[in-house]
Amino acid sequence: MLTRRALRARRSLIAAITIATAPASALQLHVKAGPDGRSIGDCPFAHAVRLAAGAKGLPVDVHPHAPDAKPAWLLDNHEGKMPCLVDGADIITESRRIAAFLDERYPPSLSGLPGIEAAEAAAQPVFGAFARYCKSCKEGSLTAENVAAESELKKALLLHLCTLDAHLAVAAKPYACGEAFSTADAFLLPALYHIKVAGKAFKGFEIPVQFMALHAYMEHAMATSLFTESAPTPEMVRWGWATARTDDSDHKARVRRTALAAVQTKSV
Ligand SMILES: N[C@@H](CCC(=O)N[C@@H](CS)C(=O)NCC(=O)O)C(=O)O
């Protein structure tokens, strides 16, 4: 049992640590824009960075850029890569590197939690498996061979989801490592959100109800303000995948016009 004096000392120590580790000003995060070039786009990697920063209570100013309107410094010195974090003199690209940078600089650690390796091993393959499946049988490429390949890609995704469900059934109380939000959650939640929205829209795919731990995990985490305040809209996610699912530039332009009209109608 701590005495009042010890409690006061502990509080001022925590305050001192917080002051010392808070960024001097909000972090700046440069991300892919939506079809209007102004709104925050669909990028799941940018979303992961926002979740990691948000879980640490760090304020982030988000700057969306269209592919043809990126700042010169980003193009010249960082290959135009986004997401790109600017924290004072530090400029970092690649979402995993950004998350590691934030973790090193600002407590609490999201990657040093017990069980993080097992959580990452179960979570990491999911987004790639979904991307391969969702991009299969692109617009205008519906051959028998592609349909057979698509079925294999769906099976692979289901296997990864099954492994993830088994992991969450044991570990998730309620996050992928247990009680605390970790880097594994920051990257996994955007992936699952894309599966939920784009899987349904483009493949009629739904995560099987049998994956109960996975559903419980998603329901809890996707209802938190950390998630709802940083997630792109479902329209944005569908726009991103509709563009990724076609090589035809006329079709890409049509997708952009439709998405643009939807974004503009919403903002009226
Ligand atoms: N490996 C990168 C991937 C980032 C990435 O693919 N970003 C895409 C969107 S999901 C992007 O910003 N594209 C827009 C552009 O580069 O203009 C990371 O993890 O940061």
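On a predicted model such as this, the values are computed, not experimentally measured, just so you know.

What follows covers the packing of aromatic side chains. Counted under the stated rule, the structure contains six aromatic pairs. Summarising the aromatic geometry, the rings of Phe-45 and Phe-127 are spaced 5.6 Å apart at their centres and angled 80 degrees between planes, so their arrangement reads as edge-to-face. One end of the pair, Phe-45, is in helix α2 (residues 44-55); the other, Phe-127, is in helix α6 (residues 125-135), with 82 residues separating them in the sequence. The class for Phe-45 is partly exposed, based on a relative accessible area of 38%. With a relative accessible area of 18%, Phe-127 lands in the buried category. Every member of this aromatic cluster is reached through a ring pair, and the members are Phe-45, Phe-127, Phe-130 and Trp-241. The ring of Phe-187 has Arg-96 sitting right over it, with the charged end atom 3.9 Å from the ring centre. Taking NZ or CZ as reference, Lys-203 lies 5.2 Å from the ring centre of Tyr-133, over its face.

On to the site of the ligand, then. All residues in the neighbourhood of the ligand are listed as Lys-32, Cys-43, Pro-44, Phe-45, Lys-70, Met-82, Pro-83, Glu-94 and Ser-95. One nitrogen or oxygen atom from the side chain of Lys-70 is found 2.8 Å from an oxygen atom belonging to the ligand. Protein contact buries 69% of the 510 Å² of open area that the ligand shows by itself. A class-by-class count of the residues in the shell around the ligand yields five nonpolar, one polar and three charged.

With that out of the way, let us pick up the pattern of salt bridges. Going through the model one piece at a time under the given rule, you end up with nine salt bridges. A salt bridge links Asp-90 to Arg-105; its shortest N-O distance comes to 2.8 Å. You can see Asp-90 sitting in strand β4 (residues 90-93) and its partner Arg-105 sitting in helix α4 (residues 95-105), a full 15 residues away along the chain. Connected via shared salt-bridge partners are Asp-87, Asp-90 and Arg-105.

The next subject is the pairing of β4. Side-chain direction in a regular strand flips from residue to residue, so the side chains alternate between the two faces of the sheet. Examined bridge by bridge, strand β3 (residues 84-87) and β4 share four bridges and lie antiparallel to one another. In the strand pairing of β4, Asp-87 is matched with Asp-90. Taking the residues that link successive antiparallel strands as the turn, the β3-β4 hairpin has two residues, and the phi of Gly-88 there is positive, at about 60 degrees.

Turning next to the sheet that holds strand β1 (residues 27-32). Strand order across the open sheet formed by four strands is β2-β1-β3-β4, with mixed pairing between neighbours. Each edge of the sheet is formed by a strand with only one pairing partner; in this case those strands are β2 (60-65) and β4. Direction aside, the axes of adjacent strands within the sheet are offset by 20 degrees on average. Where β1 lies against β3, three bridges are found, and the strand directions are antiparallel. From the neighbouring strand, Leu-29 faces β3, where its bridge partner is Leu-85. Set on the sheet, α2 makes contact with β1 and β2; between it and β1 the angle comes to about 160 degrees.

Turning our eyes to something else, we now look at the side chain of Arg-245. Residue position: Arg-245 is located in the loop between α11 (234-244) and α12 (249-267). In this structure the side chain of Arg-245 is engaged in a polar contact, spanning 3.2 Å, whose partner is the backbone oxygen of Ser-136.

Below, the discussion takes up unusual backbone geometry. With an omega of 5 degrees, the peptide bond running from Met-82 to Pro-83 counts as cis. Here Pro-83 shows up in the loop between α3 (72-78) and β3. In the Ramachandran plot, Glu-79 falls in the positive-phi region, its phi being about 55 degrees despite a non-glycine side chain. Inspection of the secondary structure assignment puts Glu-79 in the loop between α3 and β3. Under the relative-accessibility criterion, Glu-79 is labelled exposed at 66%.

The rules we used
Residues numbered from 1 in each chain as written. Predicted model: local features only at pLDDT ≥ 70, side-chain atom pairs only at ≥ 80, totals over all residues. Heavy atoms only, no water. Phe/Tyr/Trp six-rings, centres within 6.5 Å; stacked < 30°, edge-to-face > 60°. Helix = DSSP H or I, 4+ residues; strand = E, 2+ residues; numbered from the N terminus. Buried < 20%, exposed > 50% of the residue type's maximum accessible area, 1.4 Å probe, protein only. Lys NZ or Arg CZ within 6 Å of the ring centre and 35° of its normal. Near = heavy atom within 4 Å. Polar contact = N/O pair within 3.5 Å; in protein donor to acceptor, adjacent residues only side chain to side chain. Areas by Shrake-Rupley, 256 points an atom, 1.4 Å probe, with all protein chains shown as cover. Nonpolar A, V, L, I, M, F, W, Y, C, P; charged D, E, K, R; others polar. Salt bridge = Lys/Arg side-chain N within 4 Å of Asp/Glu carboxyl O. Pairing = 2+ DSSP bridges. Axes fitted to C-alpha atoms, helices over the stretch in contact; angles between N-to-C directions. Contact = heavy atoms within 4.5 Å.

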